[in-house]
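Breakdown of the fold
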Amino acid sequence: MKQLLFHDHPSYWFETVRSLSHIAYGGADFAEVLGTAERITGGDPDSWHDAWRETADRIAADARRAEAGDHLVSARDAWLRAWNYYRNAEFFLHGDPSDPRILDNYDRAVAAFHRYTDLAGPEVLRPVRIPFEGAELPGYFYPSPLPGRRPLLLMHSGYDGSAEEVHVQGALAAQERGYHVLTFDGPGQPGTRHHQGLHFRPDWETVVGAVIDWTAEHLPDADQDRIALLGISLGGELCVRAAAFEHRLAAVIAVDGVYDFGATLTAHFPESDPAALAALLRDPEAAAAIDAALEQAAAESDVANWGLSHGQYVMGGGSPRGFLLRALDYHLRDGIAESVTCPVLICEAENDLFFSGQPDEVFAHLTAEDRTLVRFTAAEGADAHCHAGAQRYALARIYDWLDDRMVPARADAVGAVA
């Protein structure tokens, strides 16, 4: 996709496309996104925050006025867009975890989304909180519109997305196809990081196992023999990792595939062997040179700057070097990919800004009998990371694959939507 704005700042352009992508399921409006972006100075986090915060406050005010006038459909729609704009406002602020604007905008985003939830009604979705090792995983349950025991799709995001964002990235699309859907934030994701202080953990099967245990007790209409898991962005590594160890999953979908997260961050290091890289990052004699190189990389690239600062916020480590050391633990090496036995769909974006080549690596190591690699291209308009800007097209191909494995008789779901 041609970069129309922020020509020297690809991460700012991608985040703009990301919000445009949410138009497909009601999370944004075209002029609101472009009008906001035109007020932003590329590479300036404060400018980004101020412009999105101004738009979010304006749309939230519209929602309140609509509610006061008993125009509840208008209010519902405005609250959903306000959620997305508040979400965007804090995006580039995580370099300073003490910045009060982070929690202020996050809390406003969640409050706006919950108001949307209230107005949409429990037949569309309801908030849930899943106990996990003394903490809670916040999320949302979307009941199937069809009667009887229905397949269940678990969904989570990745490095920076939230359970609220998954609403417009596939939850509604799966629900209207007849699935029960449960979205959740795991450790390190916004719903657990912002207020509970949890960082990411590589053993994602522990998280998914706790979620499945909860569904068995609290979702009696969900068919426990037909549970699928979909992970977005870094979630494409986490979900496949979970499927390697959590054998209650009947299918897994990576949007998109990530084989070795640490390798994507350390591609320019002289060492490529994971053990040697870890030793290098721990070496006190190399620390000064590595720190200087990372500081220079952050100064030269807003992609690197955001990746390193956000990484410390969600994975810890205390420094860019410490974060990279932790990132090395997020991989599907050492026979992990080969241990997945359920059907697997790996998605790939032709011009992925972050994980180019990674889906092929995952697919090359899979040994499951039923494994599929779907390449989304520029000719289809679906070549951006996680197919931002092509949600309905991409989700149609993804869920057609899932239907073929989870819902052999699909006519009932089509009829329910019609």
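Bear in mind that the values here come from a model prediction, so they are computed numbers and not experimental data.

Right, let's get into the confidence of the model for the protein. Per-residue confidence for the protein gives a mean pLDDT of 94, with 97% of residues at or over 70. Contacts from residues 410–418, a stretch scored under 50 in pLDDT, to residues over four places away or in other chains number 12 contacts.

With that out of the way, let us pick up the layout of surface pockets. Of the volumes computed, that of the largest pocket is approximately 790 Å³. Lining the largest pocket are 39 residues, with T264, L265, V303, G307 and F354 positioned closest to its centre. Secondary structure elements with two or more residues in the lining of the largest pocket: α1 (10–21), α6 (163–175), α10 (261–265), α12 (284–300) and α13 (302–315). Along the lines of polarity and charge, the residues of the lining of the largest pocket split into 23 nonpolar, 12 polar and 4 charged. Roughly 280 Å³ of internal volume is contained in the second largest pocket. Lining the second largest pocket are 18 residues, with G43, P45, D302, N305 and W306 sitting closest to its centre. At 5 residues, α13 tops the list of elements feeding residues into the lining of the second largest pocket. Here the residues of the lining of the second largest pocket sort into 9 nonpolar, 6 polar and 3 charged.

Given two aromatic rings, their pairing is described by the distance between the two centres and the angle made by the two planes. Counted under the stated rule, the structure contains 18 aromatic pairs. Summarising the aromatic geometry, the rings of F113 and Y116 are spaced 5.7 Å apart at their centres and angled 45 degrees between planes, so their arrangement reads as tilted. Of this pair, F113 and Y116 both sit in helix α5 (residues 100–120), 3 residues apart, roughly one helical turn. Considering the side-chain rings of F113 and Y140, the 4.9 Å spacing of their centres and the 65 degrees angle between planes classify their relative orientation as edge-to-face.

Our focus in this paragraph is the nonpolar core. Core analysis: the largest hydrophobic core is formed by 138 residues, its most contacted members being L154, F261, Y399 and L402. Counting residues per element, this core draws most heavily on helix α4 (residues 72–89), which supplies 9 residues. Filtering out sequence-adjacent residues up to four positions away, F261 remains in contact with Y159, L234, M315, F323, A327, Y330 and F355.

What follows covers the pattern of salt bridges. Scanning the model with the defined rule gives 31 salt bridges in all. A salt bridge links D104 to R53; the nearest nitrogen and oxygen atoms lie 2.7 Å apart. One end of the pair, D104, is in helix α5; the other, R53, is in helix α3 (residues 45–68), with 51 residues separating them in the sequence. Here D104 falls in the partly exposed class, since its relative accessible area comes to 30%. The salt bridge partner of D62 is R65, with a shortest N-O separation of 2.4 Å. Remark: R65 and D62 occur in helix α3; sequence separation between them is 3 residues, near one turn of the helix. Among the charged side chains, a network of salt bridges with common partners joins E15, R18, R87, D160 and E165.

Calculation notes
Residues numbered from 1 in each chain as written. Predicted model: local features only at pLDDT ≥ 70, side-chain atom pairs only at ≥ 80, totals over all residues. Heavy atoms only, no water. pLDDT = per-residue confidence, 0-100. Contact = heavy atoms within 4.5 Å. 1 Å grid on protein atoms, 1.4 Å probe; cavity = no way out; pocket = protein on both sides within 12 Å on 5 of 7 lines; lining within 4 Å. Points joined across faces, edges and corners; volume = space filled by probe spheres on them. Helix = DSSP H or I, 4+ residues; strand = E, 2+ residues; numbered from the N terminus. Nonpolar A, V, L, I, M, F, W, Y, C, P; charged D, E, K, R; others polar. Phe/Tyr/Trp six-rings, centres within 6.5 Å; stacked < 30°, edge-to-face > 60°. Core = buried A, V, L, I, M, F, W, Y, C linked by side-chain atoms within 4.5 Å. Buried < 20%, exposed > 50% of the residue type's maximum accessible area, 1.4 Å probe, protein only. Salt bridge = Lys/Arg side-chain N within 4 Å of Asp/Glu carboxyl O.

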